[in-house]
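So you can see what is in the structure, the chains are spelled out below.
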Amino acid sequence: QVQLMESGGSLVQPGGSLRISCAASGTIFSRNNVGWFRQAPGKQREFVASISSGGTTVYTNSVKGRFTVSRDNSRGAMYLQMNSLKPEDTAVYYCSLEERYVWRYWGQGTQVTVSS
């Protein structure tokens with residue numbers, strides 16, 4: 001059974017940096033595309049970034065140049081380095097694993113709050 005677990009969420013000041021992590025188990029991690037999504041209060045969940053099994057990355061426009069997604073297949077882990085954080089980045093961040101072209105598996109989320 002595939003399990004995903006996020007960690008590293010925290011309260012950070014505007015302009016600050018934070019790295020969140022996602023640990024996967026129960027799957028051959030290296031074969032799957034994985035991604036980050038977020039959901040702010042009162043809003044729908046939205047795509048943030050993804051990284052393919054081959055290392056190709058995709059970002060939503062609002063985080064380009066500020067966020068970096070990476071993966072360590074040997075550890076079954078994915079990371080999101082977030083720099084120049086803004087209050088509008090406040091959300092619960094979820095990692096997801098794609099299977100047969102569907103974001104099929106989800107973690108429980110980690111809270112990121114950007115506030116002074």
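Residues numbered from 1 in each chain as written. Predicted model: local features only at pLDDT ≥ 70, side-chain atom pairs only at ≥ 80, totals over all residues. Heavy atoms only, no water.

A. Structural detail: the pairing of strand 7 (residues 67-72). Burial along strand 7 is one-sided: the residues Phe67, Val69 and Arg71 are buried and none of Thr68, Ser70 and Asp72 is. Connecting strand 7 to the antiparallel partner strand 8 (residues 77-82) that follows it, the hairpin turn spans 4 residues, and Gly76 within it adopts a positive phi of roughly 60°. (Buried < 20%, exposed > 50% of the residue type's maximum accessible area, 1.4 Å probe, protein only. Helix = DSSP H or I, 4+ residues; strand = E, 2+ residues; numbered from the N terminus. Pairing = 2+ DSSP bridges.)

B. Local environment of unusual backbone geometry. With a phi angle near 50°, Ser84 is a residue other than glycine that sits in the positive phi range. By the secondary structure assignment, Ser84 is in the loop between strand 8 and strand 9 (91-99). The partly exposed category is assigned to Ser84, whose relative accessible area is 41%. Even without a glycine there, the phi angle at Arg100 is positive, about 50°. Structurally, Arg100 can be placed in the loop between strand 9 and strand 10 (102-106). On the basis of relative accessible area, Arg100 is assigned to the exposed category, the value being 65%.

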